[in-house]
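As a plain string of letters, each chain reads:
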Amino acid sequence: AKKYPAAIQELEAGYALDPRREFLFAEAQAQRLAGDCQRAVPLYQRFLATEPSALQASAAQVGLARCAQQMATATPTPPAGSAGPSPTVPPPAPPAPAPPPLQARYRDPLGGALLGAGVIGLGVGAGFLIGSLTASNNATTYDDYNRQRATIERRWNIGVVGLTSGALLTGTAIYRYHSLPTATSTSSATLIGGTVAPGYRGLLLQGQF
């Protein structure tokens, strides 16, 4: 909502209660967006001193670079009592686009596709295995079994392939989710991109085969 002074007060109060480095980065962002890079730069430096992750450190470096550019282009205030007309103050530059938000694990599109394909493979494989066993149980005589043998074996083979593929895809998706950087810095993600990702609670699989 661009209510930077109020945000700064809340972040300072939060840091006083729980001195987490996320508060430092969030307040630095608020100070910079409010136009006060003199206060934002020390906060960025204190945040970097806590040795954050590479992604978080890169976001802080971006903020420092923008502060350096802002302070370099700032018009110095003339001393009191100086003669001559007041210098023309150029209009403020539009704010630079914010870096992309930290990606939460459960929003990774490739991980979601792999997990979805894995779940489908497991379901298809289980369905065909059950169909194979059902066909086998329905064969009450040896002649019945021979007549349905091709169907039983085909369903069994498809079921084994489906379960194997589904397990591999699901395992790959879990590994990918685990290897993605966690969006632990809630305040950082909020002030970079303007949104906070909800917590991941789990998956609910429903259906019938």
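Just so you know, the residues in each chain are numbered from 1, in the order the chain's sequence is written. The predicted nature of this model means local features are confined to residues of pLDDT at least 70 and side-chain atom pairs, given and counted, to a pLDDT of 80 or more, with totals for whole chains, interfaces and linings taken over all residues. With hydrogens and water set aside, each side-chain value is computed from the structure's full complement of heavy atoms.

For our purposes a nonpolar core is just a set of buried Ala, Val, Leu, Ile, Met, Phe, Trp, Tyr and Cys residues, chained together by side-chain atoms within 4.5 Å. Under the scheme applied here, a residue whose accessible area is under 20% of the maximum for its type counts as buried, over 50% as exposed, and between as partly exposed, the area being computed with a 1.4 Å probe on protein chains only. Counting 13 residues, the largest nonpolar core has Phe25, Tyr44, Phe47, Ala60 and Cys67 as its most contacted members. Counting only elements with at least two residues in this core, the list comes to helix 2 (21–33), helix 3 (37–49) and helix 4 (54–73). Among the elements that line this core, the one with the most residues is helix 3, at 6 residues. Within the second largest apolar cluster, 5 residues are counted, among which are Ile8, Leu11, Phe23 and Ala30. Put simply, DSSP marks the helices as runs of H or I at least four residues long and the strands as runs of E at least two long, and each gets a number from the N terminus on.

For the rest of this paragraph, the subject is the packing of aromatic side chains. Classification of ring pairs rests on two measures: the distance between centres of Phe, Tyr or Trp rings, Trp counted by its six-membered ring, which must be within 6.5 Å, and the angle between planes, read as stacked under 30 degrees, edge-to-face over 60 and tilted in between. Inspection of the entire model under this criterion finds 2 aromatic pairs. Seen from their ring centres, phenylalanine 25 and tyrosine 44 are 6.1 Å apart, and the 70° between their planes marks the pair as edge-to-face. One end of the pair, phenylalanine 25, is in helix 2; the other, tyrosine 44, is in helix 3, with 19 residues separating them in the sequence. Relative accessible area serves as the criterion here: at 1%, phenylalanine 25 is assigned to the buried category. Residue classification places tyrosine 44 among the buried positions, given a relative accessible area of 0%. Between phenylalanine 25 and phenylalanine 47 the ring centres are 5.2 Å apart and the planes differ by 50°, which places this aromatic pair in the tilted class. Residue phenylalanine 25 is found in helix 2, and its partner phenylalanine 47 is found in helix 3; the two are separated by 22 residues along the sequence. Of the two residues, phenylalanine 25 and phenylalanine 47, both sit in the buried class. These aromatic residues form a ring-pair network of at least three members: Phe25, Tyr44 and Phe47.

Phi is positive for lysine 2, close to 60°, though the residue is something other than glycine. One non-glycine residue, glutamate 51, lies in positive phi territory at about 55°. Following the sequence through the fold, glutamate 51 ends up in the loop between helix 3 and helix 4. Here glutamate 51 falls in the exposed class, since its relative accessible area comes to 66%.

Two cysteine sulfur atoms form a disulfide, by the criterion used here, when they sit within 2.5 Å. Inspection of the entire model under this criterion finds 1 disulfide. The residue that forms a disulfide with cysteine 37 is cysteine 67, at a sulfur-sulfur distance of 2.3 Å. Disulfide cysteine 37-cysteine 67: the torsion about the S-S bond is -85°, which places it as left-handed. With a gap of 30 residues between them, cysteine 37 in helix 3 and cysteine 67 in helix 4 connect regions that are remote in the sequence. Like cysteine 37, the residue cysteine 67 is buried in the burial classification.

Turning our attention to the side chain of threonine 170. On the secondary structure map, threonine 170 appears in helix 6 (residues 142–179). Should any heavy atoms of two residues lie within 4.5 Å, those residues are considered in contact. Residue contacts for threonine 170: discarding those within four places in its chain leaves Leu114, Leu115, Gly118, Val119 and Leu122.

Here helix 2 crosses helix 4 at 25°, and the two axes come no closer than 11 Å. Regarding the angle of helix 2 to helix 4, the classification is roughly parallel. As helix 2 packs across helix 4, the resulting crossing turns out to be left-handed. Contacts between helix 2 and helix 4 involve Arg21, Phe25 and Arg32 from the former and Gln56, Ala59, Ala60, Gly63, Arg66, Cys67 and Gln70 from the latter. Of the residues contributing to the contact of helix 2 with helix 4, the split by class is 4 nonpolar, 3 polar and 3 charged. Where helices are involved, their axes are fitted lines through C-alpha atoms of the stretch in contact, as for all axes, and angles between N-to-C directions lie from 0 to 180°. Should an angle lie under 35 degrees it is considered roughly parallel, over 145 roughly antiparallel, and from 65 to 115 roughly perpendicular; all remaining angles are considered oblique. The handedness criterion is simple: a crossing whose near helix is rotated anticlockwise from the far helix by less than a right angle is left-handed, and one whose near helix is rotated clockwise is right-handed. In this classification, Asp, Glu, Lys and Arg are treated as charged, Ala, Val, Leu, Ile, Met, Phe, Trp, Tyr, Cys and Pro as nonpolar, and every other residue, Gly included, as polar.

Distances and angles like these do not, on their own, reveal function.
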